[in-house]
Amino acid sequence: MTVTIFNTLNSRKVPLEPIEPGHVKIYVCGITAYDYCHIGHARSALVFDMIVGYLQYLGLNVTYIRNFTDIDDKIINRAQEQNTSTIALSEQFIHAFHEDMAHLGIASPTAEPKATEHLPEIIGMIQELMAKGLAYQAGSDVFYAVEKFQPYGILSGRSLNEMKAGARISINENKRNPMDFALWKGSKPGEPTWESPWGPGRPGWHIECSAMSKKYLGESFDIHGGGKDLVFPHHENEIAQSQGASGKTFVNIWVHNGFVTINDEKMSKSLGNFLTIRDLLAQYQPEALRLFVFSTHYRNPLDYSEAAMQDAVTGLDRLYTCLAEIAQITASGNPTAKPEATVKEIEKIESLTERFQEAMNNDFNTAQALGHIFEIVKILNRIKQALPSNPATTDLDLLRKASTTIRELAGLIGLLRQEPSLYLNCQQQKILAGLDISKESIEQLIQDRLTARRQKDWARADAIRGQLLSHNIELKDGANGTAWSVKPG
RNA sequence: GGCGGCGUAGCCAAGCGGCUAAGGCAGCGGUCUGCAAAACCGUUAUUCAUCGGUUCAAAUCCGAUCGCCGCCUCCA
């Protein structure tokens with residue numbers, strides 16, 4: 001079975017058929033490096049990390065390019081505000097980005113080219129476009145003549161006429177058509193500049209991706225990705241540039257991930273609901289974020305809320321708890337005992353890999369794939385709970401094998417990569433750090449309560465339990481004494 | 001105004017022509033417990049925004065209506 005992917009170009013799921021058999025080439029628009037990355041950037045990075053990882057799992061060779069925009073208006077403005085250079089600023093945030101990616105457990109792409117390191121390629125492509133009559137110089141700027149590129153609008157499904165009707169086009173006297181966009185911008189005083197045939201200036205935003213994708217992946221390649229907001233104008237313009245220059249199909253499949261909202265509002269600094277990856281990871285495990293992100297299909301909108309994250313944390317704990325408990329089973333197994341697992345359950349468990357792949361092959365349906373995993377966890381828990389003291393060998397084998405499979409598959413989307421018992425311990429440790437009561441006091445109170453319980457002084461025992469609960473400490477009386485944990489939320 | 005998307009249980013979310021409408025969270029019932037908590041099990045939509053239509057068959061296709069959202073300006 002082959003992978004099918006939703007293609008923005010024709011709004012259809014299409015089979016992935018690499019141009020070069022067995023080798024997938026993918027380009028994803030990365031960040032503009034002028035600030036810390038937010039949860040929306042995280043989603044995009046996670047989604048393409050998942051896609052690349054899954055394709056590799058299928059045995060495909062993947063060349064994955066993700067660029068940095070390290071020169072543009074926002075960077076120039078921010079650098080001026082902070083009295084620093086554009087280079088220093090972009091370097092700072094590229095570094096921060098790498099840190100964030102590492103914390104999220106995102107694998108490095110094959111290459112991460114920067115716009116400023118590809119000026120010769122950029123200038124070369126602009127010259128090519130001018131030679132073909134697709135671009136023109138106006139003053140110190142160079143513009144792309146969108147009317148000259150017949151398919152303009154093919155990706156975003158709009159025609160130039162429709163767009164002209166819209167009132168939101170910036171007016172620029174130098175443009176022949178208001179929709180024309182800058183390939184090269186003549187620099188104003190104080191701005192970083194590069195020499196060019198049109199005088200000192202800098203590249204427009206879109207041309208860098210055309211130039212760099214060509215350099216690293218060739219004139220035609222398999223997948224181009226990015227956030228939904230990049231469809232127009234960025235990706236539309238890339239098509240105009242690359243296809244205009246080469247005369248060949250630029251990209252076969254366009255993949256766009258949906259947006260992240262916060263409490264149903266678009267993230268924006270003015271609304272004060274701007275959440276950076278750092279903010280988030282200060283509070284939650286990276287894997288909890290992944291579970292949250294991948295619980296929704298990548299093309300659908302994703303609404304962030306504390307409650308949603310808490311759900312993800314709870315879900316992750318559930319998965320790890322199941323694995324940890326299976327790992328703790330020490331029984332060696334009775335070859336003649338009657339198995340607990342039913343035929344139906346065994347079938348479900350054994351078809352997990354197949355069903356997981358089926359979901360993933362269908363436009364990377366991680367939500368469904370995760371659903372399959374949770375379903376198996378439920379079955380494993382049932383079997384585990386029903387196990388007698390001397391359990392059947394077949395049951396133990398089944399549990400252990402399934403456990404391995406679950407970790408393998410979940411690992412493909414970056415989940416359950418930690419040792420289950422370590423994960424659970426770590427959760428506890430982290431929580432401990434935030435307590436307003438010391439570990440010693442907790443344990444002393446537990447001892448006091450134990451004494452009371454021995455004397456069957458239930459009133460006192462319950463009072464102590466209530467006291468600890470007021471500090472958010474929950475007690476769990478078990479066969480091996482009393483354990484405690486911090487109440488979530 | 002133009003283009004596109006969405007509306008499935010209390011919440012989140014798969015399913016996109018035909019097996020019992022996945023799964024998670026919360027709730028409830030149970031096991032356990034001195035009582036709890038935790039853990040685990042079980043359970044929770046005759047119905048998929050509304051109204052029509054196509055079909056032997058629709059949450060899934062078509063049309064209309066209502067309600068959300070995104071893009072059209074920098075944006076993942």
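Note that the coordinates shown come from a computational prediction; the quantities given were computed from them, not determined experimentally.

Calculation rules
Positions within a chain are numbered from 1, following the residues in the order the chain's sequence is written. Starting at A for chains and at 1 for ligands, labels are handed out in the order in which the entities are written. Only residues with pLDDT of 70 or above have their local features reported here, since the model is predicted, and side-chain atom pairs are shown and tallied only from 80 upward, although totals for entire chains, interfaces and linings are computed over all residues. Calculation of side-chain values draws on the structure's entire complement of heavy atoms; hydrogens and water are dropped beforehand. The secondary structure listing takes helices from DSSP runs of H or I that are at least 4 residues long and strands from runs of E that are at least 2 residues long, numbered from the N terminus. Partly exposed residues are those whose accessible area sits between 20% and 50% of the maximum for their type, while under 20% is buried and over 50% is exposed, using a 1.4 Å probe and protein chains only. Pairs of residues are marked as contacts when any of their non-hydrogen atoms sit within 4.5 Å. Residues counted as positive are Lys and Arg, residues counted as negative are Asp and Glu, and His and the chain ends are not counted. By convention, charge coordinates are those of NZ in Lys, CZ in Arg, CG in Asp, or CD in Glu. Only buried residues count toward a nonpolar core, which is a set of Ala, Val, Leu, Ile, Met, Phe, Trp, Tyr and Cys residues joined through side-chain atoms within 4.5 Å. Each domain's limits were defined by an automated method or a database of domain assignments. Salt bridges are defined by distance alone: a side-chain nitrogen of Lys or Arg within 4 Å of a carboxyl oxygen of Asp or Glu. In this analysis an axis means a line fitted to C-alpha atoms, helices contributing only their contacting stretch, and an angle means the value between N-to-C directions, from 0 to 180 degrees. Here the word oblique covers every angle except those under 35 degrees (roughly parallel), over 145 (roughly antiparallel) and from 65 to 115 (roughly perpendicular). Amino acid classes used here: Ala, Val, Leu, Ile, Met, Phe, Trp, Tyr, Cys and Pro are nonpolar; Asp, Glu, Lys and Arg are charged; the rest, including Gly, are polar. Any two strands are treated as partners once DSSP identifies two or more bridges connecting them. Cavities and pockets are defined on a 1 Å grid built over the protein atoms alone: a cavity is a set of grid points where a 1.4 Å probe fits but cannot escape, while a pocket is an open set with protein on both sides within 12 Å along at least five of seven lines, and lining residues are those with an atom within 4 Å of any such point. Grid points are joined across faces, edges and corners, and a volume is the space filled by probe spheres set on the points.

Moving on to the overall build of chain A. If you tally the helices and strands in chain A, you get 17 helices and 15 strands. Dimensions of chain A along its principal axes, counting C-alpha atoms only, are 95 × 50 × 40 Å. Taken over 489 residues, chain A has a buried fraction of 50%. If you take every contact in chain A between residues at least 6 apart in sequence, the share linking residues at least 24 apart comes to 75%. Across chain A, 49 positive and 57 negative side-chain charges occur, with their mean positions spaced 3 Å apart.

Looking now at the side chain of Asp49. Along the chain, Asp49 falls in helix H1 (residues 39–57). Residue Asp49 is classed as buried on the basis of its relative accessible area of 10%. The residues touching Asp49, leaving out its near neighbours within four places in the chain, are Gly105, Ile106, Ala107 and Arg290.

This next bit is on the side chain of Ser213. Within the secondary structure, Ser213 is located in helix H6 (residues 207–217). Discounting chain neighbours no more than four positions away, the residues touching Ser213 are Tyr27, Gly218, Phe221 and Phe250.

A few words on the nonpolar core. Core analysis: the largest hydrophobic core is formed by 94 residues, its most contacted members being Phe292 and Tyr304. Residue contributions to this core peak at 11 residues, all from H1. Residue assignment places this core across two domains, with domain 1 (4–266) and domain 2 (284–426) each supplying three or more. Not counting chain neighbours up to four residues away, the residues in contact with Phe292 comprise Ile39, Leu302, Asp303, Tyr304, Ala308, Met309 and Ala312. With 38 residues, the next largest nonpolar core counts Tyr27, Leu183, Cys209 and Ala245 among its residues.

Let's shift gears to the pattern of salt bridges. The tally for this structure, following the rule as stated, stands at 25 salt bridges. Residue Arg299 pairs with Asp363 through a salt bridge whose shortest N-O separation is 2.7 Å. Of this pair, Arg299 sits in the loop between helix H9 (286–294) and strand E13 (302–304) while Asp363 sits in the loop between helix H12 (352–361) and helix H13 (366–386), and the two are 64 residues apart along the sequence. On the accessibility criterion, Asp363 (0% relative accessible area) is buried. Of the charged contacts, one joins Asp477 and Arg449 as a salt bridge, the two residues approaching to 2.9 Å between their closest N and O atoms.

Of note, the bond from Phe232 into Pro233 is cis; its omega dihedral lies within 30 degrees of zero at 0°. For Pro233, the position within the fold is in helix H7 (residues 231–246). The residue Ser11 is not glycine, and still its phi comes out positive at about 55°. Of note, the phi angle at Asp363 is positive, near 55°, even though the residue is not glycine.

If you check the domain split of chain A, you get domain 1 (4–266), domain 2 (284–426) and domain 3 (435–486). Using C-alpha coordinates to define each centre, domain 2 is positioned 32 Å away from domain 3.

Turning our eyes to something else, we now look at the packing of helix H4 (residues 119–131) against H6. Interaxial distance between H4 and H6 falls to 9 Å at its minimum, and their mutual angle equals 105°. As the angle between them shows, H4 and H6 are arranged roughly perpendicular. Residue-level inspection shows Glu121, Ile122, Met125, Ile126, Glu128 and Leu129 of H4 in contact with H6, the latter providing Ile207, Glu208, Ser210, Ala211, Lys214 and Lys215. Of the residues that constitute the contact of H4 with H6, the class distribution is 6 nonpolar, 1 polar and 5 charged.

Here we come to the sheet that holds strand E7 (residues 181–186). In space, the 4 strands of this open sheet follow the order E5-E6-E7-E8, with antiparallel pairing throughout. Here the strands that pair on one side only, and so sit at the sheet edges, are strand E5 (135–138) and strand E8 (201–203). Across the sheet, the mean angle separating the axes of adjacent strands is 25° when strand polarity is ignored. With 3 bridges connecting them, strand E6 (residues 141–144) and E7 associate as antiparallel partners. Directly across from Phe143, in E7, lies its bridge partner Ala182.

This brings us to the environment of Thr84. Mapped onto the elements of the fold, Thr84 is located in the loop between helix H2 (73–81) and helix H3 (86–104). Along the chain, Thr84 and Gly139 lie 55 residues apart, while their C-alpha atoms are 29 Å from each other. Once residues within four sequence positions are removed from consideration, Thr84 is found in contact with Ala79 and Leu89.

Let us look at empty space enclosed by the protein. Evaluation of the coordinates by the stated rule reveals 1 cavity of 30 Å³ or more. Empty space within the largest cavity amounts to approximately 40 Å³. The wall of the largest cavity is formed by Met125, Glu128, Lys214, Gly218, Glu219, Ser242, Ala245, Ser246 and Phe250. For the lining of the largest cavity, the secondary-structure elements that each account for two or more residues are H4 and H7.

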